[in-house]
Amino acid sequence: MSATVTTVRSRRRPPREAAGSPLLLGHGRLPRVLTGTALVVLAVVWLLPFVWAVITSVQSEEDINTTGLSPFKGAFTLDAYQRILERGNVTVWAFNSFLISALVTLITVAVSTLAAYGFSRGTFRGRRALLGVTVAAIMVPPQLLVVPLFDQMTLFHMVDTYAAVILPQVVAPMMVFILKRFFDAVPRELEEAARIDGASEFRVFRSIVLPLSRPIVAAVAIFVFIGAWNNFMWPFIVTNDPDLMTLPVGLATVKDAYGVQYAQSMASALLAALPLIVVFLLFQRRIVDSVATTGLGGS
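So, how was this worked out
Residues numbered from 1 in each chain as written. Predicted model: local features only at pLDDT ≥ 70, side-chain atom pairs only at ≥ 80, totals over all residues. Heavy atoms only, no water. UniProt positions renumbered as here; feature names shortened; annotations may be inferred. Helix = DSSP H or I, 4+ residues; strand = E, 2+ residues; numbered from the N terminus. Contact = heavy atoms within 4.5 Å. Areas by Shrake-Rupley, 256 points an atom, 1.4 Å probe, with all protein chains shown as cover. Core = buried A, V, L, I, M, F, W, Y, C linked by side-chain atoms within 4.5 Å. Buried < 20%, exposed > 50% of the residue type's maximum accessible area, 1.4 Å probe, protein only. pLDDT = per-residue confidence, 0-100. Salt bridge = Lys/Arg side-chain N within 4 Å of Asp/Glu carboxyl O. Axes fitted to C-alpha atoms, helices over the stretch in contact; angles between N-to-C directions. Parallel < 35°, antiparallel > 145°, perpendicular 65-115°, else oblique. Nonpolar A, V, L, I, M, F, W, Y, C, P; charged D, E, K, R; others polar. Expected span 1.5 Å × (residues − 1).

As annotated in an unreviewed UniProt entry, the protein chain carries the name Carbohydrate ABC transporter permease and comes from Streptomyces plicatus. Under the heading Sequence similarities (unreviewed entry), UniProt records this for the protein chain: "Belongs to the binding-protein-dependent transport system permease family." A UniProt comment under Subcellular location (unreviewed entry) is attached to the protein chain, and it reads "Cell membrane".

Set out below in structure tokens:
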């Protein structure tokens, strides 16, 4: 009798979710169906503008301007892409974007990790005040800094240089704050053991803290790279030389002068986004794991 009661109770008890299992609305077939349906609907809604942009970019301007509800109104053509590639130096702009984004990412990660470790473990005077200034800087819109930053670049004769595009982007208070919160959770006992063995402070940071912080550092690097690649306003303001323009800025200069050309606009947007799409397809597992591990998806 007792065995039968135990069996019934064990059947009624909901199973525990394994670590890393998808978030569902409950247990059973119906919650899984509802969750899958919601995800499919959200995916379709998210992909619809992208598909529309692709369809628009492979049509002629005459076909796009014709009336009708069908998104594909004419013959397939790559004329918009051909015009953009002929009018602009896309190869140089893509190289500039990759170089600038990579350097911004490297410098930002190096500066932010060191600053965050100093705020997390440092005991220097004025630490709380400086941390408060860093947190307050997160709320400052970047548009307010355009004029003083441009005045500084002009004062140092750095306009139309790689340094003028890179240096203002390496200051990331948000990344410092995120890294600092993560470093606070790193066990201090590991650092104390390393110091007892004679490790210096930098050796502790390099050999103990950074290896334990790979997920958050990878997530920060990904977000910084994407932000630097998509940055349009500052490179547009500080560069006039076509050979120094980034891909978003360069593509914006080859628009047709005869009104709005929808096919060329969509083709330019897709060309600018194509490298990021390739990077995501190649490193999608690491990107998703980094966001899920660090909890940045809900911050």
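We are not done yet, so read on.
### With respect to the overall build of the protein chain
Of regular secondary structure, the protein chain possesses 15 helices and zero strands. Sequence separation of at least 24 residues holds for 71% of the intrachain contacts in the protein chain that already meet a minimum separation of 6. If you sum the accessible surface of the protein chain, you get close to 19,200 Å²; carbon and sulfur atoms cover 67% of it.

### Some thoughts on the nonpolar core
Within the largest apolar cluster, 30 residues are counted, with the highest numbers of intra-cluster contacts made by Leu179, Phe183 and Val220. Those elements that provide at least two residues to this core are α5 (90–121), α8 (162–166), α9 (173–184), α11 (201–212), α12 (214–230) and α13 (233–238). Top element by residues in this core is α5. It accounts for six residues. Dropping the residues within four chain positions of it, valine 220 is found in contact with Val109, Met175 and Leu179. With 21 residues, the next largest nonpolar core counts Tyr81, Trp229, Met245 and Ala263 among its residues.

### A few points about the UniProt feature "transmembrane region" (unreviewed entry) in the protein chain
On the UniProt side, "transmembrane region" (unreviewed entry) is annotated at positions that read residues 33–55, 93–117, 129–150, 162–179, 216–237 and 262–283 here. Helix makes up 100% of residues 93–117 and strand 0%, with an end-to-end C-alpha separation of 36 Å. Here residues 162–179 runs as 67% helix and 0% strand, with 27 Å between its end C-alpha atoms.

### Brief notes about the confidence of the model for the protein chain
For the protein chain, per-residue confidence averages 82 on the pLDDT scale, and residues scoring 70 or more make up 83% of the total. No element of the protein chain has a lower mean pLDDT than helix α1 (residues 2–12), at 49, and none a higher one than α8, at 93. Scored below 50 in pLDDT, residues 5–10 makes zero contacts in the model with residues more than four places away or belonging to other chains.

### As for the pattern of salt bridges
Applying the stated criterion across every chain, the model contains six salt bridges. The salt bridge involving arginine 195 is made with glutamate 201; its shortest N-O contact spans 2.7 Å. Classification of arginine 195 by relative accessible area gives partly exposed; the value is 26%. Ionic contacts of the salt-bridge type, sharing partners, join the residues Arg121, Glu191, Glu192, Arg195 and Glu201 into one network.

### Considerations on the packing of α11 against α12
Viewed as axis vectors pointing N to C, α11 and α12 meet at an angle of 75 degrees, and their least axial separation amounts to 5 Å. Here α11 is positioned roughly perpendicular relative to α12, judged by the angle of their axes. Residues Leu210, Pro211 and Leu212 of α11 lie in contact with α12, whose contacting residues are Arg214, Pro215 and Val217. Here the residues of the contact of α11 with α12 sort into five nonpolar, no polar and one charged.

### Points about α12
The end-to-end C-alpha distance of α12 is 24 Å, a good match for the 24 Å that 17 residues give at a rise of 1.5 Å each. Within α12 the residues assigned to the buried category are Ile216, Val217, Ala218, Ala219, Val220, Ile222, Val224, Phe225, Ala228 and Trp229.

### Looking at unusual backbone geometry
Positive phi is not limited to glycine here, since histidine 157 has a value of about 55 degrees. For histidine 157, the position within the fold is in the loop between α7 (146–155) and α8. One non-glycine residue, aspartate 160, lies in positive phi territory at about 65 degrees. Residue placement: aspartate 160 occurs in the loop between α7 and α8. Looking at aspartate 160, the relative accessible area reads 26%, which means it is partly exposed.

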